[in-house]
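Per-entry structural report
Each chain is listed here by its residues.
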Amino acid sequence: MRLADKTVFVTGAGSGIGRATAERCAEEGATVLVTDIDPDGGTETVDRIEASGGEAHFHELDVTDAEAFDAAIEATVDEYGLDVVVNNAGIGHPPALTEDTEPSTFEYVLDVNVKGVWNGCQAALPHLKEQESGNIVNVGSLASVYGLPYQAAYSLSKGAVLNFTRAVAAEAGRNGVRCNAVLPAFADTPLGRQFFETRSDPEKAKEEMLKRYPLGRLAQPEEVADAILFLASDEASFITGEGLTVDGGFSTS
Ligand code: NAI
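Residues numbered from 1 in each chain as written. Predicted model: local features only at pLDDT ≥ 70, side-chain atom pairs only at ≥ 80, totals over all residues. Heavy atoms only, no water.

**Quick look at the overall build of the protein**
As a reminder, the rule being used: Secondary structure elements follow DSSP: runs of H or I of four or more residues count as helices, runs of E of two or more count as strands, with numbering from the N terminus. Using C-alpha atoms as the atom set, the radius of gyration is obtained and then compared with a globule rule of 2.2 Å times the number of residues to the power 0.38. By definition in these notes, contact holds between two residues if any of their heavy atoms fall within 4.5 Å. Areas reported here follow the Shrake-Rupley algorithm with a probe of radius 1.4 Å; residue values treat only the protein chains shown as occluding. Residues scored as positive are Lys and Arg, those scored as negative are Asp and Glu, and His as well as the terminal groups of each chain are ignored. All charge positions are set by atom: Lys at NZ, Arg at CZ, Asp at CG, Glu at CD.
Check the secondary structure of the protein and you find eight helices and seven strands. Here the C-alpha radius of gyration of the protein, 17 Å, is about what a compact globule of 253 residues would show, namely 18 Å. For the protein, restricting intrachain contacts to residue pairs at least 6 apart in sequence, the fraction spanning at least 24 positions comes to 71%. Accessible surface computed for the protein: about 11,700 Å², of which carbon and sulfur atoms make up 50%. Charge separation in the protein, taken as the distance between the mean sites of 18 positive and 41 negative side-chain charges, equals 9 Å.

**Topic: the sheet that holds strand β4 (residues 84-87)**
This is how the line gets drawn: Strand pairing is assigned whenever DSSP identifies at least 2 bridges connecting the two strands. Throughout, an axis means a line fitted to C-alpha atoms (over the contacting stretch in the case of helices), and angles, computed between N-to-C directions, take values from 0 to 180 degrees.
Spatially, β3-β2-β1-β4-β5-β6-β7 is the arrangement adopted by the seven strands of the open sheet, whose pairing is parallel. The sheet terminates laterally at β3 (55-60) and β7 (243-246), the two strands that pair on one side only. The average angle at which neighbouring strand axes cross in this sheet is 20°, direction not considered. As judged from the five bridges shared by strand β5 (residues 135-139) and strand β6 (residues 178-184), these two strands associate in the parallel manner. Along β6, the bridge assignment pairs N135 with R178.

**Thoughts on the packing of aromatic side chains**
The cut-off we apply is this: Under the pairing criterion, centres of Phe, Tyr and Trp rings, with the six-membered ring standing for Trp, must be within 6.5 Å; the plane angle then separates stacked pairs below 30 degrees from edge-to-face pairs above 60, leaving the rest tilted. With a 1.4 Å probe rolled over the protein chains alone, any residue whose accessible area is under 20% of its type maximum counts as buried; one over 50% counts as exposed, and the rest are partly exposed.
Inspection of every chain in the model, using the stated rule, returns seven aromatic pairs. Ring centres of Y146 and F250 lie 5.6 Å apart, and the angle between their planes is 75°; this geometry places the pair in the edge-to-face category. Taken together, the residues Y146 in the loop between β5 and α5 (152-172) and F250 in the segment after β7 connect sequence positions 104 residues apart. Classification of F250 as buried rests on a relative accessible area of 7%. Ring geometry for F195 versus F196: centroids 5.3 Å apart, planes at 90°, classification edge-to-face. Looking at F196, the relative accessible area reads 5%, which means it is buried.

**Side note on the packing of helix α1 (residues 16-27) against helix α2 (residues 39-51)**
Note the cut-off: Oblique is the label for any angle not under 35 degrees, not over 145, and not in the 65 to 115 range, which are roughly parallel, roughly antiparallel and roughly perpendicular in turn. Crossing handedness follows the turn of the near helix against the far one: under a right angle anticlockwise gives a left-handed crossing, and clockwise gives a right-handed one.
One way to put it is that α1 packs onto α2 with a least axis distance of 10 Å and a crossing angle of 25°. Taken together, the axis directions place α1 and α2 in an arrangement best described as roughly parallel. Judged by the twist between their axes, the crossing of α1 over α2 is right-handed. Two secondary-structure elements touch here, α1 through R19, A22, E23 and A26 and α2 through G41, E44, T45, R48 and I49.

**Regarding helix α8 (residues 221-232)**
Quick note on the threshold: Each helix should span, by expectation, one fewer than its residue count multiplied by 1.5 Å.
In this model α8 runs 16 Å from its N-terminal to its C-terminal C-alpha over twelve residues, within 8% of the 16 Å that 1.5 Å per residue would give. Those residues of α8 not exposed but buried are P221, V224, A225, A227, I228, L229, L231 and A232. Turning to α8, the residues buried within the fold contact α1, β4, β5, β6 and β7.

**Concerning the site of the ligand**
The cut-off we apply is this: A cutoff of 4 Å decides nearness: a residue is near a molecule or strand if any of its heavy atoms lies inside that distance of it. Two N or O atoms form a polar contact when they lie within 3.5 Å of each other; inside protein one atom must be a possible hydrogen donor and the other a possible acceptor, and for residues adjacent in sequence the pair counts only when both atoms belong to side chains.
Neighbouring residues of the ligand: 29 residues in total, closest S15, D36, N88, Y154 and T189. I37 has a polar backbone atom sitting 3.4 Å from a nitrogen atom of the ligand. Taking D62, its side chain carries an N or O atom lying 3.0 Å from a nitrogen atom of the ligand. For the ligand, whose free accessible area comes to 830 Å², the fraction covered by protein is 92%. Elements represented by at least two residues in the shell around the ligand include exactly α1, α5 and α6 (190-197).

Keep in mind these numbers describe shape, not what the thing actually does.
This is the structure in structure tokens:
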């Protein structure tokens with residue numbers, strides 16, 4: 001078991017990549033704190049983990065709320081200890097040119113995708129640094145390194161996640177704490193599907209997109225979860241400040 005006796009705190013774990021990460025970590029022996037703004041999704045994740053014999057607990061959390069994030073981490077440390085934080089919660093936005101993007105959309109995307117990750121690191125770092133162990137995995141995107149047209153606010157937010165990850169890694173390494181990011185391309189989740197569903201011809205948009213993937217398909221959330229699990233585990237003990245692309249070869253072609 002790669003995460004035996006570890007406690008893993010996952011945001012946005014009520015769906016998609018977060019749920020798959022929570023499930024994979026539980027399979028590897030971790031006690032998992034399943035957190036999400038959506039109690040139904042979060043509770044379902046816990047039920048699925050328990051049905052498979054794992055240990056998980058739900059905590060309702062909106063990652064944009066810094067005080068609530070601090071309290072959730074504090075409670076986790078007190079009750080279970082804390083080894084890994086996966087800052088996964090994130091949102092997309094309807095496709096729009098930069099100049100046509102609504103200010104409210106821009107602000108909310110940055111609030112969840114950037115401030116949410118910031119809040120998670122601010123809350124967790126004092127505990128991890130004090131115990132001189134543990135690590136953080138932030139979920140970026142291929143949009144951390146590619147500028148996606150009509151996804152400018154999303155690209156801005158995910159670019160920030162990658163460089164923030166590097167800064168945290170540079171700061172916290174001497175305290176025995178690692179910080180990495182995964183950079184997935186399209187994954188088959190509600191958020192990934194939403195990208196195509198908002199196109200005028202979703203099937204055609206998907207077909208065109210798949211042509212750009214050497215592996216010829218979208219990722220399954222479990223495939224992204226496996227990369228997160230690797231970075232979170234001791235197998236990645238000398239890896240920090242890294243942005244690991246999980247993109248079916250998209251960025252090589
Ligand atoms: P998803 O939509 O399936 O799941 C996202 C989860 O985050 C949901 O359970 C939702 O309730 C939760 N959430 C949303 N706002 C929240 C908030 N303020 N506080 C707490 N929880 C909140 O999305 P998916 O695809 O699993 O995405 C997970 C991460 O992966 C996101 O950061 C996303 O940007 C990133 N990503 C996804 C890709 C994809 O194609 N699916 C590609 C690249 C990156």
